[in-house]
Amino acid sequence: AVPVALVSGLSRAAGIGVLIKGGGALEMLAQVRVLVIDKTGTLTRGSARLAALRTLGAHGEAEVLRLAASVDQASGHPVARALVEEARGRGLILPQPSMVAESPGEGASGRVEGRLVIVGGARLMRRHGIVFPLAAGPRQAAAAASTVLVAVDGTPAAVLDFADPLRTDGGRALMDLRACGITRVVLATGDRRGVAEALVAGLPVDAIVADLDPAAKTGTVAAERRNGPVMMVGDGVNDAPALAAADLGVALGARGAAAAAEAADVVLLVDSLAPLPQAIHIAKRARAIAL
Ligand code: ADP
Ligand code: MG
């Protein structure tokens, strides 16, 4: 028989917008010690805004935006959404690209009007053998912004900085989690280290692991398990393998990727981290009653 405490715990969690996929997940929620948390869209709002754009090649600002947004139209990545919104806001009409290939956590490429357009982070450009001038890197003022590089026909075309601020309740959520049994917090991001450091300065974060592809994120989760049961929290397609590898995967469901919600044991149905510490309290109470 299913203990009454368990059923009531699951339904109380559902009442605060936390979907827990069964008794095992509720049990684990009461036991996790290490938090591995994603940055973009999880600790940040994921509603990025274009803060700066520098063109590098022959293409003008509007032209680069039009080509880059065209390739990123089908992506659910927060930065891609911001890019498309910016282009549409400027009244640009986005052509349908062909042969679009998205590489989760890295960016996308495709053909637009016969040109090969690549949009993404430094890792993606390295893989395509495209070298951006060092001076094109982010300026000091934009330290907390995610940088997106655009290449057209194999040549650097632009550097875009997207400001993606911390969730208003992000710092509070980390402190509340530490108050309910989390003893170690690790920020795991596909973005650059400098961006991650600037974002969490002053927050209770023990370690930052940056520039991770999905496999390396999963490796980080696996390595952290030696420090205790790991809860991984993320929102993206690139987080799905890490969510599955953790003792407890938690997905941000409101705006996150479906693949993340499917891979997770717990889904936050509201666009906030705030219910997570509350859910841990509920899990601990259910456990205390059931034992
Ligand atoms: P996090 O792991 O913190 O959520 P991601 O791995 O999702 O971050 O993204 C890291 C970086 O990869 C972004 O800052 C951006 O430069 C690049 N990126 C990933 N996907 C895209 C995309 N679809 N379009 C443009 N850039 C992207
Ligand atoms: Mg993310």
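Residues numbered from 1 in each chain as written. Chains lettered and ligands numbered in written order. Predicted model: local features only at pLDDT ≥ 70, side-chain atom pairs only at ≥ 80, totals over all residues.

The name given to the protein in an unreviewed UniProt entry is P-type Zn(2+) transporter, with the source organism recorded as Methylobacterium oryzae CBMB20.

Draft legend 1. The arrangement of the pairing of strand E7 (residues 145-152) in detail. Along E7, 8 of the 8 residues are buried, which leaves the element largely enclosed by surrounding structure. Side chains of E7 alternate between two faces, with Ala145, Thr147, Leu149 and Ala151 and Ser146, Val148, Val150 and Val152 buried alike. Note that strand E6 (residues 115-120) and E7 share 4 bridges and pair antiparallel. Paired with valine 117 across the two strands is valine 152, which belongs to E7. (Buried ≥ 20, exposed ≤ 12 C-beta atoms within 10 Å, placed from the backbone. Helix = DSSP H or I, 4+ residues; strand = E, 2+ residues; numbered from the N terminus. Pairing = 2+ DSSP bridges.)

Draft legend 2. Structural view of the site of ligand 1. In the vicinity of ligand 1 there are 25 residues, among which Lys39, Thr40, Gly105, Ser146 and Gly190 approach most closely. Considering only residue class, the shell around ligand 1 consists of 5 nonpolar, 14 polar and 6 charged. Taken together, domain 1 (4-45 + 166-290) and domain 2 (49-163) each give at least three residues to the shell around ligand 1, which thus spans both. (Near = placed C-beta within 6 Å. Nonpolar A, V, L, I, M, F, W, Y, C, P; charged D, E, K, R; others polar. Domains from an automatic or database assignment.)

Draft legend 3. Molecular detail of the nonpolar core. In terms of nonpolar packing, the biggest core is built from 91 residues, with Leu29, Leu35, Val36, Ala68, Val150, Met232 and Val250 touching the most fellow members. Both of domain 1 (4-45 + 166-290) and domain 2 (49-163) provide at least three residues apiece to this core. Those residues within four positions of methionine 232 in sequence are excluded, and the remaining contacts are Val36, Val221, Ala242, Leu243, Ala246, Gly249 and Val250. (Core = buried A, V, L, I, M, F, W, Y, C linked by C-beta atoms within 7 Å. Contact = placed C-beta atoms within 7 Å.)

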